[in-house]
Structure formats: C-alpha cells, structure tokens
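Listed below are the residues making up each chain.
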Amino acid sequence: EKLLEAYLHVHTLDFTMVRAFIAFIRKDMEKAQSKLTLAKRINPHVIKRILEHIDPKDYILSVRRPLEREAINHALEYRALWESNPRAISWLQTQQA
C-alpha cells in the first residue's frame, strides 16, 4: 500500500486494478467502483481476462493486439490476488461488459 501511495499520480492498469481490489476488500464500494470504472476505460478486456483461465501462450499470440496483451499480462500477474477473495471475484463477474 505504501508503494501505491507513493505513486498516486500513476494510473496504469496494474496500479488502478490493485487500488480497486484494496478498496473492495476495505468495503469502500464507491472508491472500488470508481477505480474499476477507470481500469475498464484503460483496458476494456481486463475483467474478462482475469475471470478466464489463461494459457501463457495467449500472451505470445496477442503481440499484435496491445490492449489484449496488456489485459492478459495483468491477469497472469494478478489473478491470484483477486482469487484470494471470492467476493472480489464475484464482484468482478457482475462488472463485466
């Protein structure tokens, strides 16, 4: 969290999604929703990719689709974080589209 605080000005997909997760587990739904909405604007594929079981080969095959590649990379790196809280995964399922 201290790392996130040090980089409040950074709005990458990874930072934004982690901020959404932290807000969600702290039950700050307004902030969680705000961060997730921002993340979906940054990359509309991210929720779908977190919820899928991804083969790492998909990352290699997505070289010509940069947003898809970023979403796959995020999912490969952070899916375990989201899965650590079943309610967070359920919430993501309601936020698709």
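Criteria and cut-off values
- Residues numbered from 1 in each chain as written.
- Predicted model: local features only at pLDDT ≥ 70, side-chain atom pairs only at ≥ 80, totals over all residues.
- Heavy atoms only, no water.
- Salt bridge = Lys/Arg side-chain N within 4 Å of Asp/Glu carboxyl O.
- Helix = DSSP H or I, 4+ residues; strand = E, 2+ residues; numbered from the N terminus.
- Buried < 20%, exposed > 50% of the residue type's maximum accessible area, 1.4 Å probe, protein only.
- Phe/Tyr/Trp six-rings, centres within 6.5 Å; stacked < 30°, edge-to-face > 60°.
- Core = buried A, V, L, I, M, F, W, Y, C linked by side-chain atoms within 4.5 Å.
- Contact = heavy atoms within 4.5 Å.
- Expected span 1.5 Å × (residues − 1).

Asker: Help me understand the pattern of salt bridges, please; the structure alone is not making it clear to me.
Answerer: Two side chains carrying opposite charge are able to pair once their charged atoms lie near each other. Taken as a whole and assessed by the stated rule, the structure comprises three salt bridges. Here Arg 49 and Glu 52 are joined by a salt bridge, their closest N and O atoms 2.8 Å apart. The shortest N-O distance in the salt bridge between Arg 79 and Glu 83 comes to 2.1 Å. Taken together, the residues span about one helical turn, with Arg 79 and Glu 83 both in helix H6 (residues 66-83) at a distance of four residues. The class of Glu 83 is partly exposed, set by a relative accessible area of 39%. Within the structure, one salt-bridge network assembled from shared partners comprises Arg 49, Glu 52 and Glu 68.

Asker: Got a minute to help me understand the packing of aromatic side chains in this structure?
Answerer: For any two aromatic rings, the description comes down to two numbers: the centre-to-centre distance and the angle of the planes. Under the definition given, this model contains three aromatic pairs. Considering the side-chain rings of Phe 21 and Trp 82, the 5.1 Å spacing of their centres and the 75° angle between planes classify their relative orientation as edge-to-face. Linking Phe 21 in helix H2 (residues 13-25) with Trp 82 in helix H6, this pair joins segments that are 61 residues apart in sequence. For the residue pair Phe 21 and Trp 82, the accessibility class agrees, reading buried in each case. Arranged with centres 4.9 Å apart and planes meeting at 20°, the rings of Phe 24 and Trp 91 form a pair that is stacked. With Phe 24 in helix H2 and Trp 91 in helix H7 (residues 86-94), this pair connects stretches of sequence that are 67 residues apart. Side by side, Phe 24 and Trp 91 carry an identical accessibility label, which is buried. Of the aromatic side chains, those joined through ring pairs into one cluster are Phe 21, Phe 24, Trp 82 and Trp 91.

Asker: What is the right way to read the environment of Val 18 from this model?
Answerer: You can see Val 18 is positioned in helix H2. For the pair Val 18 and Lys 35, spaced 17 residues apart in the sequence, the C-alpha separation amounts to 8.9 Å.

Asker: Help me understand the environment of Lys 31, please; the structure alone is not making it clear to me.
Answerer: Counting through the fold element by element, Lys 31 comes out in helix H3 (residues 29-42). Once the C-alpha coordinates of Lys 31 and Phe 21 are considered, the two residues, 10 residues apart in sequence, prove to be 9.8 Å apart.

Asker: Teacher, can you tell me more about the nonpolar core here?
Answerer: When a protein is soluble and globular, its nonpolar side chains tend to lie buried together. If you look at the biggest cluster of nonpolar residues, it comprises 21 residues, and the most contacted ones within it are Met 17, Leu 36, Val 46, Ile 50, Trp 82, Trp 91 and Leu 92. Listing elements by their share of this core, those giving two or more residues are H2, H3, helix H4 (46-51), H6 and H7. A total of six residues in this core trace back to one element, the largest contributor, which is H2. Beyond its immediate chain neighbours, meaning those up to four positions away, Val 46 contacts Leu 13, Met 17, Ala 39, Ala 71 and His 74.

Asker: Which parts of the structure should I look at to understand H2?
Answerer: Given 3.6 residues per turn, any residue in an α-helix points the same way as the ones three and four places further on. Taking 1.5 Å as the rise per residue, H2 with 13 residues should run 18 Å; its terminal C-alpha atoms sit 18 Å apart, in good agreement. Counting buried positions along H2 yields 11 of 13 residues, so the element is predominantly enclosed. When H2 is considered as a whole, its buried residues turn out to be Leu 13, Phe 15, Thr 16, Met 17, Val 18, Arg 19, Ala 20, Phe 21, Ile 22, Ala 23 and Phe 24. Looking one or two places after H2, you find Lys 27, whose phi comes out positive at around 65°.

That's the geometry; what it means functionally is another story.
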